[in-house]
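Now for the letters of each chain:
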Amino acid sequence: SNGQLDRTPNEMTLTPLSSNESLPEQSFIPSFIKSNWVRNFQVPWNRMPAALVQATSTGERARPGPRREFVRIVVAAMQAHCPNPNLAACGEVARNIVSAYPLTFGDISEEGEQLGNGFSCLQRQLKTRVEHVNRDVMEHRIRRPRRPSAKRPGQQDNFLRTKVRCKVDSYGCINWQPPSIPEGETAESLEMKRKVAAEIFQSAGPKAAELPNVDDLMQQTYVYQRHMINSCPPPTISEIEGHWPFLFTEKGLCRHFKILTGIDIRSRFSETLLVKSKRILNYFSRQRLKWNGEIQSMLTEIDEANATDNNRIAMSAILLMMKYFKEKDNAVFILAD
């Protein structure tokens, strides 16, 4: 159901959910999963250049020339099944190639660490080759049908926008739109809990987000929150904030993100910051003599401090980056006695 706007700013009436109603399933299904040719596609290993055969046997990196030749061979084999494979299909093929020979084709840093998903570069190479081959073939390049020029105001456009939101916006989510309301709940009970949470925010303010009962209320009304956020046309930010003010607190947003994607953004950020910081420190330390005096002095201070805890490692990396880009300390840090 779509939200219905009235004339009053920041006021919005949601069409209520019936207790036995199931919301339309909006799971993102990549097009390559629906295509049998991708699932059954066999990489033409027997046509791989001799230099690549040797590299795969020894675990060496593929050289640019043989790698490009193999990309051309793979794309030609793909186009025998589909004239214009999309990026998702290229990604599935690239994943299969990298999973077979990760050291030869995978995205790996100098330290041997996997970068991203490990196959993005090969995926992009395959897609670029597809676009190059199809550059003069319009029937293969055009994928989306044009929107009809004559349509009743709002009707067809809303349908198309809903379709796009389902396919694109839900990507990467594991709980984009729950198919039904929780067992034992009704539309009235969810609306009541929403009002209770809003009243707590009005009386106690953002700090109430730390209260256990608020945490329970926000988890129990998650389906109702998604029902409003996913409505089409989408509500404004101010309208969402008026109905769900705790979503605009740090804890409320992180909680919602974890239910939506399955990722604890706080711990993931800390882990990633530590990994990247160590890589930055290692990069600057290995090339100490090429840096200017300020960076060398900063590296000496870091060595003398012997930073081992996570906070000091992250802070050292940030300070080094600021010295490199000639940023002032007070642009990031608040200096105090």
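Here, the structure is the one placed above.
Heads up: these notes are all about the structure in this document. (Residues numbered from 1 in each chain as written. Predicted model: local features only at pLDDT ≥ 70, side-chain atom pairs only at ≥ 80, totals over all residues. Heavy atoms only, no water.)

## Side note on the overall build of the chain
Helix and strand content of the chain: 17 helices and two strands. Put simply, the chain has 337 residues, and 35% of those count as buried. Across the chain, contacts joining residues at least 24 apart in sequence account for 67% of those joining residues at least 6 apart. Total accessible area computed for the chain in this model is approximately 21,400 Å², and 53% of it derives from carbon and sulfur atoms. (Helix = DSSP H or I, 4+ residues; strand = E, 2+ residues; numbered from the N terminus. Buried < 20%, exposed > 50% of the residue type's maximum accessible area, 1.4 Å probe, protein only. Contact = heavy atoms within 4.5 Å. Areas by Shrake-Rupley, 256 points an atom, 1.4 Å probe, with all protein chains shown as cover.)

## Concerning the nonpolar core
One finds Phe41, Phe70, Val74, Ile97, Phe105, Leu122 and Leu126 to be the most contacted residues of the largest nonpolar core, which totals 25 residues. Elements that contribute at least two residues to this core include exactly helix 2 (36-39), helix 4 (64-79), helix 5 (87-100) and helix 7 (120-133). Once residues lying within four places of it in the same chain are set aside, the contact partners of Phe41 are Val74, Ala77, Met78, His81 and Val93. (Core = buried A, V, L, I, M, F, W, Y, C linked by side-chain atoms within 4.5 Å.)

## What to know about the packing of aromatic side chains
What the rule picks out here adds up to 12 aromatic pairs. Measuring from ring centre to ring centre gives 5.8 Å for Tyr283 and Trp291, while their planes differ by 55°; the resulting arrangement is tilted. On the accessibility criterion, Trp291 (10% relative accessible area) is buried. Aromatic side chains Phe284 and Trp291 sit 4.8 Å apart centroid to centroid with 40° between the ring planes, which places their arrangement in the tilted category. A connected cluster of aromatic rings, assembled from ring pairs, spans Tyr283, Phe284, Trp291, Tyr324 and Phe325. The residue whose ring lies beneath Arg226 is Trp176, and the NZ or CZ to ring-centre distance is 4.9 Å. Here the guanidinium or amino end of Lys290 rests over the ring plane of Trp291, the centre of that ring lying 5.1 Å away. (Phe/Tyr/Trp six-rings, centres within 6.5 Å; stacked < 30°, edge-to-face > 60°. Lys NZ or Arg CZ within 6 Å of the ring centre and 35° of its normal.)

## A few points about the packing of helix 4 against helix 7
Packing of helix 4 against helix 7 brings their axes to within 9 Å, and their N-to-C directions diverge by 65°. The two elements helix 4 and helix 7 meet at a crossing, and its hand is right-handed. Only Cys121, Leu122, Gln125, Leu126, Arg129, Val130 and Val133 of helix 7 make contact with helix 4, whose side of the interface consists of Arg67, Arg68, Val71, Arg72, Val74, Val75 and Gln79. Split into classes, the residues belonging to the contact of helix 4 with helix 7 amount to eight nonpolar, two polar and four charged. (Axes fitted to C-alpha atoms, helices over the stretch in contact; angles between N-to-C directions. Left-handed = near helix turned anticlockwise from the far one by under 90°. Nonpolar A, V, L, I, M, F, W, Y, C, P; charged D, E, K, R; others polar.)

## Some words on helix 10 (residues 187-204)
Here helix 10 is 18 residues long and its end C-alpha atoms lie 26 Å apart, about the 26 Å a rise of 1.5 Å per residue gives. Where helix 10 is concerned, the buried positions are Ala187, Leu190, Lys193, Arg194, Ala197, Ala198, Ile200 and Phe201. Around the axis of helix 10, the buried residues are gathered within 155° of arc, so they sit on the same side. Facing away from the buried side of helix 10 by over 90 degrees, the exposed positions are Glu188, Met192, Glu199, Gln202 and Ser203. Those residues of helix 10 that are buried are in contact with helix 11 (212-220), helix 12 (222-229) and helix 13 (237-243). (Expected span 1.5 Å × (residues − 1). Arc of directions from axis to C-beta.)

## Focus on the state of the cysteines
Taken as a whole, this structure holds zero disulfides when the rule is applied. For the unlinked cysteine Cys90, the closest cysteine sulfur is that of Cys82, found at 9.0 Å. (Disulfide = S-S within 2.5 Å.)

## Quick look at the pattern of salt bridges
Taken as a whole and judged by the stated rule, the model has eight salt bridges. Residue Arg95 pairs with Glu92 through a salt bridge whose shortest N-O separation is 3.5 Å. Here the residue Arg95 and the residue Glu92 both occupy positions in helix 5, the gap between them amounting to three residues, near one helical turn. Arg95 gets classed as partly exposed once you look at its relative accessible area, which sits at 40%. Between Arg255 and Asp215 there is a salt bridge, and its shortest N-O distance comes to 2.3 Å. Residue Arg255 is found in helix 14 (residues 250-261), and its partner Asp215 is found in helix 11; the two are separated by 40 residues along the sequence. You can call Arg255 buried: its relative accessible area is 10%. Given the relative accessible area of 18%, Asp215 is considered buried. (Salt bridge = Lys/Arg side-chain N within 4 Å of Asp/Glu carboxyl O.)

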